[in-house]
Amino acid sequence: MKVLVVGQGGREHALLWKLKQSPLVDTVYCAPGNAGTAADGINVDISDTDIRGLVKFALNEKIDLTIVGPEAPLCAGLVDELEKLGLKVFGPSKAASQLEASKLFTKRILRRANVPTARFERFDRAEAAIASLRTLEDGPCVVKADGLCAGKGAIVCANHEEAIDAIKRILVDREFGKAGSELIIEECLVGQEVSILAIVDGHTIIPLETSQDHKRALDGDLGPNTGGMGAYCPTPLITDELMTEIVEHVLIPVVHTMNMEEMPFRGILYAGLMLTETGLQVLEFNVRFGDPEAQPVLMRLKSDLAEILLAAAERRLDQIEPLEWDERPSVCVVMASDGYPGSYEKGRPITGIENADELEGVKVFHAGTKLINGVPCSNGGRVLGVTALGDNIFDAKRRAYEAVRKIRWEGAWCRKDISDKVRELLETENA
Ligand code: AMP
Ligand code: GLY
């Protein structure tokens, strides 16, 4: 098979690396890819939002299966365009991608599916939104732009003053452009956040091993929000009972409702949930693998990823064997550029990746990297996802940081506490 992975981050490098191990796969392309996907596969110089260019390439090269990593091409309808031409693709249609692209769409589906989610009101005018706030007692709330804002559209506010500021940023200053032409004001929920990812073919739902992201820039979950500074797999937050509850009360009703709405969901359904005192509530959906969650999860997958994703694309997930997982837990530490998540320099040469890759159980996934004169250089905020398997989570962490220490570039940094939450969680469980 010839396979095309669309995207250029750590998630796409992990997908490509895993797909390449399949006996079904002869060639893996990545568009546009990074220095890591160039080493493990073949990069194609087409942007992940150039829908026409991608379709043309897939058609000309007779690609047998396309896998779409990021949300932008999904929400722009890449899957629909490929399927129209009879090409096989793993990912949701444009209509189904609204589960990520529109908070209002998602609220409507959740209501129809009878799945618990925070109470909310929608607004398209700042005056009306502010007037409505003033009728409520001052306190925390969450203001969310309706559309895709690269993870920055949800603003958790401690009080009405902050909420008014958030409303103005979205509806008056138009900080998120068209994505913020409507917003919702939502009840602020309190509890532990967990996420579940499942492979779905419209009918069959196969949950993946669980993982936990680290969204804040600094140790101890301090500092600004980022795309994710590291993740580990599995997480003790999600017990077997909780997984069953999530499948029964969230995933099945949502997949069923999407069918009733004639927008069957196929691809990765990623549910972001809050475990509140009164039970679980859905915060959001993503319609793709998480980044960096994909890296530690795919590192543990023993089954053939190409076989699974092909089966999903052909709507026959019910026929595949149960997924097999490496018993060993995994940890992924993101190495970032100085200044990220703010502005940063690019083009810094990176050394030591090969030495790190040689360590037992370690794989360095590239994210924002680019080859310049044959040398891997930094080319983004999140640069590498250094991922390791270990006999237990502490061993996996030790190995990941041992690999991190072998890698250098000017201005490189990372969080030092990826996976430490597990210790706290295990301690609370045993207390
Ligand atoms: P979202 O894009 O909707 O997932 O929101 C991003 C982040 O904002 C979540 O991961 C939560 O940490 C936080 N968040 C979103 N909605 C709520 C809510 N209703 N109550 C508390 N925190 C929230
Ligand atoms: N790591 C969170 C995300 O991919 O959205």
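Cut-off values and rules
- Residues numbered from 1 in each chain as written.
- Chains lettered and ligands numbered in written order.
- Predicted model: local features only at pLDDT ≥ 70, side-chain atom pairs only at ≥ 80, totals over all residues.
- Heavy atoms only, no water.
- Buried < 20%, exposed > 50% of the residue type's maximum accessible area, 1.4 Å probe, protein only.
- Helix = DSSP H or I, 4+ residues; strand = E, 2+ residues; numbered from the N terminus.
- Contact = heavy atoms within 4.5 Å.
- Polar contact = N/O pair within 3.5 Å; in protein donor to acceptor, adjacent residues only side chain to side chain.
- Near = heavy atom within 4 Å.
- Areas by Shrake-Rupley, 256 points an atom, 1.4 Å probe, with all protein chains shown as cover.
- Nonpolar A, V, L, I, M, F, W, Y, C, P; charged D, E, K, R; others polar.
- Disulfide = S-S within 2.5 Å.
- Pairing = 2+ DSSP bridges.
- Core = buried A, V, L, I, M, F, W, Y, C linked by side-chain atoms within 4.5 Å.
- Salt bridge = Lys/Arg side-chain N within 4 Å of Asp/Glu carboxyl O.

Draft legend 1. Region of the structure containing helix H12 (residues 305-313). Across the nine residues of H12, eight count as buried, placing the element largely inside the fold. Of all the positions in H12, only Leu 305, Ala 306, Ile 308, Leu 309, Leu 310, Ala 311, Ala 312 and Ala 313 are classed as buried. Where the residues of H12 are buried, they touch helix H1 (10-20), strand S4 (65-68), strand S5 (89-90), strand S10 (192-201) and helix H11 (294-300). Where H12 begins, the side chain of Asp 304 points an oxygen toward the backbone nitrogen of Ala 306, at a separation of 2.9 Å. Backbone geometry just downstream of H12 places Arg 315 in the positive-phi region, at approximately 55 degrees.

Draft legend 2. Layout of the site of ligand 1. Surveying the vicinity of ligand 1 reveals 14 residues, the closest of which are Lys 144, Glu 186, Leu 189, Glu 193 and Glu 284. The separation between a nitrogen atom of ligand 1 and a polar main-chain atom of Leu 189 is 2.8 Å. One of the side-chain N or O atoms of Glu 284 is found 3.1 Å from an oxygen atom in ligand 1. Out of a free accessible area of 460 Å², ligand 1 has 83% covered by protein chains. For the shell around ligand 1, the secondary structure elements donating two or more residues are strand S7 (141-145), strand S8 (154-157), strand S9 (183-187) and strand S17 (279-286). Along the lines of polarity and charge, the residues of the shell around ligand 1 split into eight nonpolar, no polar and six charged.

Draft legend 3. Main features of the state of the cysteines. The full count for this structure, using the stated rule, is zero disulfides. Free of any disulfide, Cys 157 has its nearest neighbouring cysteine sulfur in Cys 141, separated by 4.9 Å. Using a relative accessible area of 2% as the deciding quantity, one classes Cys 157 as buried. Left unpaired, Cys 377 is separated from the closest cysteine sulfur, that of Cys 30, by 18 Å.

Draft legend 4. Quick look at the pairing of S4. Burial of the side chains of S4 extends over both faces: Leu 65 and Ile 67 are buried on one face and Thr 66 and Val 68 on the other. In this sheet, S4 lies alongside strand S1 (residues 2-7) in parallel orientation, the contact comprising four bridges. Along S4, the bridge assignment pairs Val 3 with Leu 65.

Draft legend 5. Spotlight on the nonpolar core. One finds Leu 99, Leu 251, Leu 384 and Ile 407 to be the most contacted residues of the largest nonpolar core, which totals 77 residues. With nine residues, the top contributor of residues to this core is helix H10 (residues 240-260). In this view, Ile 407 contacts Met 335, Ile 350, Thr 351, Gly 352, Ile 353, Ala 356, Val 364, Leu 384 and Val 386; residues no more than four positions away in its chain are not counted. In this structure, Val 3, Leu 19, Leu 65 and Ala 313 belong to the second largest nonpolar core, which totals 41 residues.

Draft legend 6. Up close: the pattern of salt bridges. Within this structure, the stated rule accounts for 29 salt bridges. Here Lys 88 and Glu 314 are joined by a salt bridge, their closest N and O atoms 2.7 Å apart. Pair noted here: Lys 88 is in the loop between helix H5 (78-84) and S5 and Glu 314 is in the loop between H12 and strand S18 (330-337), with a separation of 226 residues, a long-range link. A relative accessible area of 35% places Lys 88 in the partly exposed class. In this structure, the salt-bridge partner of Arg 398 is Glu 402, at a minimum N-O distance of 3.4 Å. On the criterion of helical spacing, the pair formed by Arg 398 and Glu 402 is a turn pair, its members being four residues apart in helix H14 (residues 393-405). With a relative accessible area of 28%, Glu 402 lands in the partly exposed category.

Draft legend 7. Quick look at the site of ligand 2. Neighbouring ligand 2 are the residues Asp 213, Lys 215, Gly 227, Tyr 270, Asn 286, Arg 288, Gly 290, Asp 291, Pro 292 and Glu 293. A distance of 2.7 Å is found between a nitrogen atom of ligand 2 and a side-chain nitrogen or oxygen belonging to Asp 213. Between Gly 227 and ligand 2, the recorded distance is 3.4 Å, taken from a backbone N or O atom to a nitrogen atom. About the coverage of ligand 2: the protein hides 87% of its 200 Å² of free accessible area. Partitioned by chemical class, the residues of the shell around ligand 2 number two nonpolar, three polar and five charged.

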